[in-house]
Protein chains: 2
Amino acid sequence: MTSDRSDTMGVRPMAEAARHAQRRFGAMEGRARTAALHRLAALLREREGDILAANAQDLAEAARDGLDEGLRQRLTLSPRKLHALIDGVLQLAADDDPVGRTLSTTELEPGLILSRVTSPLGVLLIVFESRPDAVIQIGSLALRTGNAVLLKGGREALHSNRILVGCLREALTDAGAPADAVAGIEGRAAVAELLGLDTLIDLVIPRGSGEMVRSIQAQTRIPVLGHAEGVCHLFLDREADPAMAAHVVVDAKCDYPAACNALETLLVHRDFLPRLPPIGAALRARGVALRADAESLPYLEGAGAIPALEPDDWGREFGDLTLAVRTVEDVHAAVAHIHAYGSGHTEAILTQNPEVGDLFLSAVDAASVFLNASTRFADGYRYGLGAEVGISTGRIHARGPVGAEGLLTTRWLLRGSGQAASDFGPGGRSFTHRAIR
Amino acid sequence: MTSDRSDTMGVRPMAEAARHAQRRFGAMEGRARTAALHRLAALLREREGDILAANAQDLAEAARDGLDEGLRQRLTLSPRKLHALIDGVLQLAADDDPVGRTLSTTELEPGLILSRVTSPLGVLLIVFESRPDAVIQIGSLALRTGNAVLLKGGREALHSNRILVGCLREALTDAGAPADAVAGIEGRAAVAELLGLDTLIDLVIPRGSGEMVRSIQAQTRIPVLGHAEGVCHLFLDREADPAMAAHVVVDAKCDYPAACNALETLLVHRDFLPRLPPIGAALRARGVALRADAESLPYLEGAGAIPALEPDDWGREFGDLTLAVRTVEDVHAAVAHIHAYGSGHTEAILTQNPEVGDLFLSAVDAASVFLNASTRFADGYRYGLGAEVGISTGRIHARGPVGAEGLLTTRWLLRGSGQAASDFGPGGRSFTHRAIR
């Protein structure tokens, strides 16, 4: 099978081949990467029948193995999902080449020009669960950005992943680019070995449960982009608008409770408590189970609230229709709670007081901080980034929803006319350091 | 001693105090950070006598302990060095506030505005050797960028470091900012413990030998900014200008041979070999010991070259006036050698052929890639970045010479008017995703 080489090739040679292929691929002109994306879209269209058949085989095995419904849903590639994937690939093909863009240019002296240009990050290792669409979403982003990508999917999506990785490799070959810039990985042992190759792999992107992310972080010295947890808070200030609060809180909790940007703990200003009952009622109507601290409990008993476990329910990622509620003294106490229990993902305040809003926006140390909007907006598509690689709660390199930009680094290019550093300095020439753009 | 708390306070509480202090300090208005920098400059001026006396005590102990001359030179704080440090602090105080700058603004729909703003990175751990000037250089950069910084210097600079850390802490207090945003660390055991605190420390910056950098990288999961090695190459293309070659090669090798951006291996196009002897003579005149491959050796015997050890001398960081020389077939072979043996620091080509130059600039995967200029230009000051935190050979976050920008991350701020994510999508409203700036 050409799409998977971890059986026929050792893991280190595969990563070395990816490094070599990436350097060639990343240095090619942008039109080669564009051609590979067009060819990929064409291949996915031509092979729709085979791809759906491979996926049906995975689904049949999943049914036989008794995989749960949610997992099987994520595993399913419908014609509609496939067409959306193809549209996404064509959108990337239509985008400007993100590689080799000049970010700044400085004249060090006339005839000595420094520029900073975008470059591919290098070799990416993606570890994901169930969703075979990730192969195309992340694989096509890697093609657009000139990166190499090693794709390790779950065993349950084996047949789907193989045929999709095969399409990516064939698209590269057809565009005159090295196929080894994409490779499929199979088997857990291969991943453990790859996580040790910190000179050959530049970034690991895990897409899956918090447990999986933590396990990968613990196993490797390679930078990991992503988040293990999304513990998001929303603070209802004393000057929050009650109608807005009901609308936004219901959305943040109920729109997709399993998402990392869903609300886990509602913080309520003491003075807002009397206006809490209708919000509790709206949440109850959507099936939310409330766990309230002693001070807010009387206002939420009508909504079926039970006492929260303190402090166990603070900072807890319920991931379902459970919501913790805690009363705080003021915005400072809300920020302190968030810093003590948050995961740095997305934090929001509702207030009609612009000063309190600005204070919250400047004080909260998190990837995304919102005023009068639902935490659910923290998402690459909603932010307008196009394809999303993941959401990072780390502070290094990329933070929050990450698009193509997160798969790029920079290089410094200096074009001179024979200058030596010792030509400059005391008694010699001076730098002009003139910004050109 | 207020400047050092690792004796009186556990290491984890100190890192926790730094995290808290940083959040307060980073959320203050820029003028508080500017005031702290002005106060720091004033304190350094007021205490010049005490600082020089503390440094003299370190130097006396270094002499008693028989520290080598180079180390003692780096340890010395002359009045001139101190005044240059003060000028640097005042320059930073005059700079615009880099925190809270808006990098982009997008309208998601009218009344729902997303912006991306610069933010401090968080808590930095700096591990450095001998040079007490690093306390002020890096400490003042941390102040400018709203970061907290834990400073671990060498035992040999104990008294100098203590008084300088004391000045930083006092400057913070006097500016109404929390002193715990700066702390001095003493003792190796404290460093090992700090390297384990990956939820409290966001970035480690080691400033010292390659061995020290590698040892830190091996001990921690916290991102490390820096480089363990600087193995820089210069390729003399067949169309290199011979006079330029002599000038640039001598500079790259001899200007400061111990620097990470000094030349280690000269790659020579086969067709250029006949023009090599005068370059060899110029290098010999500066005391360079040449180690040449079999093909270039006849052209360099007049310059006292001896045979290179192949492949041991390729990719070797001599760090002194030794230079390896290897003949290559063409620019592609030069690039292949660089990818096989380079450390991704700085690579250069000399050629009068613009196509070959462009090919080299686009193909070489390194932090800095130069055409017709000495590798020695790879430096934050020469690049016009102002103060330099270090030079990174990593691809993540910052690459090449790193200035204040490398100590910043971003946050996404969303200002709405009560929007829920479920208001958008099929049957609902649409995103405008209009770039505002």
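Residues numbered from 1 in each chain as written. Chains lettered and ligands numbered in written order. Predicted model: local features only at pLDDT ≥ 70, side-chain atom pairs only at ≥ 80, totals over all residues. Heavy atoms only, no water.

Counting secondary structure elements, chain A contains 14 helices and 17 strands. Split into buried and exposed, the 437 residues of chain A put 59% on the buried side. A sequence separation of at least 24 residues applies to 72% of the contacts in chain A between residues at least 6 apart. Accessible surface, chain A as shown: approximately 16600 Å² in total, 50% of it carbon and sulfur. A distance of 5 Å separates the average location of the 45 positive side-chain charges in chain A from that of its 55 negative side-chain charges. (Helix = DSSP H or I, 4+ residues; strand = E, 2+ residues; numbered from the N terminus. Buried < 20%, exposed > 50% of the residue type's maximum accessible area, 1.4 Å probe, protein only. Contact = heavy atoms within 4.5 Å. Areas by Shrake-Rupley, 256 points an atom, 1.4 Å probe, with all protein chains shown as cover. Lys, Arg positive; Asp, Glu negative; His and termini not counted. Charge placed at Lys NZ, Arg CZ, Asp CG, Glu CD.)

One pass over the full model with this rule turns up zero disulfides over all chains. Cys 260 of chain A provides the cysteine sulfur closest to Cys 232 of chain A, a residue in no disulfide bond, and the two sulfurs are 6.9 Å apart. (Disulfide = S-S within 2.5 Å.)

What follows covers the packing of aromatic side chains. Two numbers describe a pair of aromatic rings. These are the distance of the centres and the angle of the planes. The final tally for this structure, using the stated rule, is ten aromatic pairs over all chains. Between the aromatic rings of Phe 424 of chain B and Phe 431 of chain B, the centroid separation amounts to 4.3 Å while the plane-to-plane angle is 5°, which identifies the pairing as stacked. Here Phe 424 of chain B falls in the buried class, since its relative accessible area comes to 9%. Judged by relative accessible area, which is 17%, Phe 431 of chain B ranks as buried. Put simply, the rings of Phe 377 and Tyr 381 of chain A together with Phe 424 and Phe 431 of chain B pair up and form one aromatic cluster. (Phe/Tyr/Trp six-rings, centres within 6.5 Å; stacked < 30°, edge-to-face > 60°.)

Facing 70 residues of chain A, the contacting portion of chain B comprises 70 residues. Buried area between chain A and chain B, summed over both chains or domains, comes out near 5900 Å², and the portion from carbon and sulfur atoms is 55%. Three residues, Arg 395, Ile 396 and Trp 412 of chain A, lead the burial of chain A against chain B; their summed loss comes to 13% of the area buried on that side. The tally of links between chain A and chain B comes to eight salt bridges. In this structure, Arg 395 of chain B and Asp 202 of chain A form a salt bridge, with 3.0 Å as the shortest nitrogen-oxygen distance. The interface formed by chain A and chain B includes 49 residue pairs in polar contact (both at pLDDT 80 or more). Of all the elements, strand E16 (residues 408–419) of chain A adds the most residues to the side of chain A that touches chain B, at eleven residues. Its residues placed into classes, the side of chain A that touches chain B shows 32 nonpolar, 21 polar and 17 charged. (Buried area = accessible area lost by both parts, 1.4 Å probe. Salt bridge = Lys/Arg side-chain N within 4 Å of Asp/Glu carboxyl O. Polar contact = N/O pair within 3.5 Å; in protein donor to acceptor, adjacent residues only side chain to side chain. Nonpolar A, V, L, I, M, F, W, Y, C, P; charged D, E, K, R; others polar.)

Between chain A and chain B, which share one sequence, the superposing operator has a rotation angle of 180° and an axial displacement of 0.0 Å; the RMSD is 0.1 Å. Overall, the copies show the geometry of a two-fold rotation axis. Using C-alpha coordinates, one finds that chain A approaches the rotation axis most closely at His 397 of chain A, a distance of 1.8 Å. Most of the interface of chain A is mirrored in chain B, where 100% of its interface residues are also at the interface. (Least-squares fit on C-alpha atoms with pLDDT ≥ 70 in both.)

For the rest of this paragraph, the subject is the packing of helix H3 (residues 48–64) of chain B against helix H5 (residues 79–94) of chain B. Relative orientation and spacing of two packed helices are given, respectively, by the angle between their axes and the distance between those axes. Residues and elements named next belong to chain B. Axis separation between H3 and H5 bottoms out at 11 Å; the angle between their running directions is 125°. Looking at the two axes, H3 sits oblique to H5. Crossing angle aside, the handedness with which H3 passes H5 is right-handed. When H3 is examined against H5, the residues Glu 48, Ile 51 and Leu 52 are found in contact with a partner set consisting of Pro 79, Leu 82 and His 83. (Axes fitted to C-alpha atoms, helices over the stretch in contact; angles between N-to-C directions. Parallel < 35°, antiparallel > 145°, perpendicular 65-115°, else oblique. Left-handed = near helix turned anticlockwise from the far one by under 90°.)

A complete count under the given rule lists 56 salt bridges over all chains for this structure. The partner of Asp 423 of chain A in a salt bridge is Arg 429 of chain A, and the shortest N-O contact between them spans 3.6 Å. Under the relative-accessibility criterion, Arg 429 of chain A is labelled partly exposed at 38%. Across the pair Asp 313 of chain B and Arg 316 of chain B runs a salt bridge whose closest N-O atoms are separated by 3.2 Å. Here Asp 313 of chain B falls in the buried class, since its relative accessible area comes to 0%.

A separate point is H3 of chain B. A turn of α-helix holds 3.6 residues, and therefore any two residues three or four places apart point the same way. Residue and element names in this part refer to chain B. Counted at 1.5 Å a residue, the expected span for H3 with its 17 residues is 24 Å, and the 24 Å between its end C-alpha atoms agrees. Regarding H3, the residues found buried are Glu 48, Ile 51, Ala 54, Asn 55, Asp 58 and Ala 62. Projected onto a plane normal to the axis of H3, the buried residues spread over an arc of 135° and lie on a single side. Summarising the contacts, the buried residues of H3 are in contact with helix H2 (30–46), helix H4 (69–75), H5 and helix H7 (158–174). Trailing H3 by a residue or two, Gly 66 shows a phi angle of about 70°, which is positive. (Expected span 1.5 Å × (residues − 1). Arc of directions from axis to C-beta.)

What follows covers the packing of helix H13 (residues 331–341) of chain B against helix H14 (residues 354–363) of chain B. All names here are of chain B. Running from amino to carboxyl end, H13 crosses H14 at an angle of 20°, the nearest separation of the two axes being 10 Å. As the angle between them shows, H13 and H14 are arranged roughly parallel. As H13 runs across H14, the sense of the crossing is right-handed. Contact residues: Val 331, His 332, Val 335, Ile 338 and His 339 in H13; Val 356, Leu 359, Phe 360 and Ala 363 in H14. Classifying every residue of the contact of H13 with H14 gives seven nonpolar, two polar and no charged.

This part is about the sheet that holds strand E17 (residues 434–435) of chain A. What the eleven strands build is an open sheet, ordered E17(A)-E1(A)-E2(A)-E16(A)-E13(B)-E12(B)-E7(B)-E8(B)-E11(B)-E9(B)-E10(B); its pairing is mixed. Edge positions in the sheet fall to E17 of chain A together with strand E10 (306–307) of chain B, since each has one partner strand and no second. Bridging between strand E7 (residues 232–236) of chain B and strand E12 (residues 346–350) of chain B involves four bridges; their strand directions are parallel. Bridging across to E12 of chain B, Leu 234 of chain B finds its partner in Ala 348 of chain B. (Pairing = 2+ DSSP bridges.)

Residue and element names in this part refer to chain B. The sheet built from four strands is open, its strands ordered E5-E4-E3-E6 with parallel pairing. The open sheet terminates on both sides in strands that have one partner only, identified here as strand E5 (182–185) and strand E6 (203–207). Going across the sheet, the axis of each strand differs from the next one's by a mean of 20°, ignoring polarity. Of the strand pairs in this sheet, strand E4 (residues 148–152) and E5 are connected by four bridges, and their pairing is parallel. Within the sheet, the bridge partner assigned to Lys 152 lies in E5 and is Ile 185. Across the sheet, H7 touches strand E3 (123–128), E4 and E5, and the angle it forms with E5 is around 165°.

Here is a general trend for soluble globular proteins: nonpolar side chains tend to be buried in one another's company. Leu 150 of chain A together with Leu 150 of chain B are the most contacted members of the largest nonpolar core, which has 142 residues in total. Residue contacts for Leu 150 of chain A: discarding those within four places in its chain leaves Met 14, Ala 15, Ala 18, Val 123, Leu 124, Leu 125, Ile 126, Ala 183, Ile 185, Leu 194 and Ile 201 of chain A. Core analysis: the next-biggest nonpolar cluster, separate from the first, contains 43 residues, Met 244, Leu 273, Val 325 and Phe 377 of chain B among them. (Core = buried A, V, L, I, M, F, W, Y, C linked by side-chain atoms within 4.5 Å.)

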